[in-house]
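Structural features, examined
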Amino acid sequence: MNGRALLVSSLLATGAAAQSVCPARDVWPDGDWQQQPVTGKDAAIAELESYAFTLEGELYGRKGLHTNGLVVIHRGVLVYERYARGFSADNRHLSWSVAKSVSSALVGIAARDGLLHPDDSVCAHLPEYEGTEACGITVKHAITFATGLDWVEDYENGNYQTSSVLSMLFGVGSGDQLRHILTHRFSARPGQQWRYSTGDAALASAVAKRALEKKYGADPFWPALFDVIGMRDVVVEQDVKGTPLGGSCVYATPREFAKFGYLFLNDGCWNGTRVLPEGWVAASTTPSEAFVDFGTAADQYPSGYSWWLGVPVPERQVPSRWPDVPADTFAAQGHWGQRIIVVPSEDLVVVRVGDDREEPMNTNDLLKRVLEVVR
Amino acid sequence: MKRLLLLVTLALAGCADPDAHPRTFANSDLQLAVGNGARMGCSCMFVMNMSEGYCREWVKASPDVAKLTFDVANKRVEASTFVSWTATAHFVDEKHGCVLR
């Protein structure tokens, strides 16, 4: 275990009992965001918009970057917002894998409430799988892509017959996604593999739901998280058995997604109340033990608790993926260019929703342009 | 005739082999196409609240063989191919969006 991971684990071990002081903050989106559009930055805004709101292709064409919404929160205030292609501030947007970061936060809330521990076997919360090989998987494995399951994360350009995720969302696995996930065989022992997996995240969301139901009843995600931070219109889809599609199918407006980013910008606190346990945001934004031990330069990004990180991981010869922006940047990222980007050193949250079918939005290229607008 | 041959080939492509590596699933491309069309079409229209025209483009996938029927009154979307595959998704409520059946 590396030094930072050890420190984070120690914090988490004591965090549930020790309620740390939340960061001082005067501005909170009580209901909606306060708005103060940035002024005097016409050239920077023009550069940002010429990048993000490309005019390539027809309205419904699939070439170029298709930004449907872009929201910038700086110092707690909405300073820039634009929508396109028929979307407005009122339209929810598909998150794709941004949902994974939401699911890991829900696990954190369950940990705060003492309803689970990250080192619990998933079977402690899914008793129908007691006695199966799945019991070697811990909750922490599920939120760090380390279950060891032989999951194939192929999308529309991959092999349809071997894609675990397409089968789970649209095919034979869609009726009971939990069974679909946990009947995969293992390609490594749990904790001995880092492999990006919507199945791992969906497993985490299923565990979080079962754990949180003990305190919050049916539909626990709303009283536990979404109602607390004012994500009033969020949708979490589920299969016919009621298992949440927590790896991919969360819908919210960009302003609501920004509130989720703002929660992480503020160390898991909301208006003076600790929502996530002390140390959870630090653990979420530190390369996980699984990534440090088993990630490779070929893997997408260093990840913590299902958040993507800008820091290099020299142990794995992984460079910074976002060289032009602050090193403390972290992001929730989804297919077709969905992004919640958080930059603590700049007091900044950026939400971008889109429909990039050709090549997804580059976080580095977007953020460096946003920084020119807000600095 | 060529289109029929293509569809039969795609349907047969879904024969599962659980011992294969990587694992294969008993999906044909057609089943995935209608599942995608129904789920994504329903969510596009009733969760994202976009227009039918937008949603028809939003769900397009390869192979583009799914025929979509939007039932706005019942908040339901059916996707089908002219051979046997059909999938339906319907809007459940404002928290859970659409579910695929």
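Residues numbered from 1 in each chain as written. Chains lettered and ligands numbered in written order. Predicted model: local features only at pLDDT ≥ 70, side-chain atom pairs only at ≥ 80, totals over all residues. Heavy atoms only, no water.

Remarks on the sheet that holds strand E2 (residues 76–80) of chain B
Residue and element names in this part refer to chain B. Read across the sheet, four strands follow the order E1-E2-E3-E4 without closing on themselves; strand pairing throughout is antiparallel. Each of the sheet's edge strands pairs with one partner strand only, and the pair in question is strand E1 (67–71) and strand E4 (97–100). Ignoring which end each strand starts from, the neighbouring axes of this sheet average 20° apart. Of the strand pairs in this sheet, E1 and E2 are connected by five bridges, and their pairing is antiparallel. Looking across to E2, one finds that Lys-67 is bridged to Ser-80. (Pairing = 2+ DSSP bridges. Helix = DSSP H or I, 4+ residues; strand = E, 2+ residues; numbered from the N terminus. Axes fitted to C-alpha atoms, helices over the stretch in contact; angles between N-to-C directions.)

Focus: the sheet that holds strand E4 (residues 235–236) of chain A
Residue and element names in this part refer to chain A. The sheet built from three strands is open, its strands ordered E3-E5-E4 with antiparallel pairing. The open sheet has two free edges, formed respectively by strand E3 (93–94) and E4, since each of these has just one partner strand. Direction of pairing for E3 relative to strand E5 (residues 250–252): antiparallel, over a ladder of two bridges. Each residue of the ladder has a partner; that of Leu-94, found in E5, is Tyr-251.

Structural notes on the confidence of the model for chain B
All names here are of chain B. When the pLDDT values of chain B are averaged, the result is 84; 78% of them are 70 or greater. Under a pLDDT of 50 for its full length, residues 1–14 has, in the predicted model, 21 contacts with residues more than four places off or in other chains. We note a pTM of 0.93 for the whole complex and an ipTM of 0.93 for its interfaces. (pLDDT = per-residue confidence, 0-100. Contact = heavy atoms within 4.5 Å.)

With respect to the pattern of salt bridges
All names here are of chain A. Counted according to the given criterion, the structure contains 20 salt bridges over all chains. Taking the shortest distance from any N to any O, the salt bridge between Asp-150 and Arg-195 comes out at 2.8 Å. With Asp-150 in the loop between helix H4 (139–143) and helix H5 (164–170) and Arg-195 in the loop between helix H6 (177–182) and helix H7 (198–216), this pair connects stretches of sequence that are 45 residues apart. Take Asp-150: its relative accessible area is 6%, and that puts it in the buried class. Salt bridges sharing common partners tie together Asp-32, Glu-81 and Arg-255. (Salt bridge = Lys/Arg side-chain N within 4 Å of Asp/Glu carboxyl O. Buried < 20%, exposed > 50% of the residue type's maximum accessible area, 1.4 Å probe, protein only.)

Description of the nonpolar core
Residue and element names in this part refer to chain A. If you look at the biggest cluster of nonpolar residues, it comprises 152 residues, and the most contacted ones within it are Leu-182, Leu-212, Leu-225, Phe-260 and Leu-366. Viewed by domain, this core spans two of them, domain 1 (1–88 + 253–375) and domain 2 (95–251), each represented by three or more residues. Aside from chain neighbours lying at most four places away, what touches Leu-366 is Leu-48, Tyr-51, Ala-52, Leu-70, Ile-341, Val-350, Arg-352 and Met-361. (Core = buried A, V, L, I, M, F, W, Y, C linked by side-chain atoms within 4.5 Å. Domains from an automatic or database assignment.)

Details of helix H2 (residues 29–46) of chain B
Taking 1.5 Å of rise per residue, 18 residues should cover 26 Å, and H2 of chain B covers 25 Å from first to last C-alpha, within 8% of that figure. Judged by how many residues are buried, H2 of chain B sits mostly within the fold: 18 of 18 residues are covered. (Expected span 1.5 Å × (residues − 1).)

Some remarks on unusual backbone geometry
All names here are of chain A. Positioned with a positive phi, Phe-145 is a non-glycine residue whose angle comes to about 55°. Structurally, the position occupied by Phe-145 is in the loop between H4 and H5. Exposure remark for Phe-145: the relative accessible area of 1% places this residue in the buried category. Of note in this structure, Asp-267 is not a glycine but carries a positive phi near 55°. By the secondary structure assignment, Asp-267 is in the loop between helix H9 (254–265) and strand E6 (269–270). By relative accessible area, Asp-267 is classed as partly exposed at 27%.

Concerning the state of the cysteines
Residues and elements named next belong to chain A. If you walk through the whole model with that rule in mind, you get four disulfides over all chains. The partner cysteine of Cys-22 in its disulfide is Cys-269, sulfur to sulfur 2.0 Å. As the torsion about the S-S bond is roughly -80°, the Cys-22-Cys-269 disulfide counts as left-handed. Of this pair, Cys-22 sits in the loop between helix H1 (3–15) and helix H2 (42–52) while Cys-269 is found in strand E6, placing the two residues 247 residues apart along the sequence. With a relative accessible area of 16%, Cys-22 lands in the buried category. (Disulfide = S-S within 2.5 Å.)

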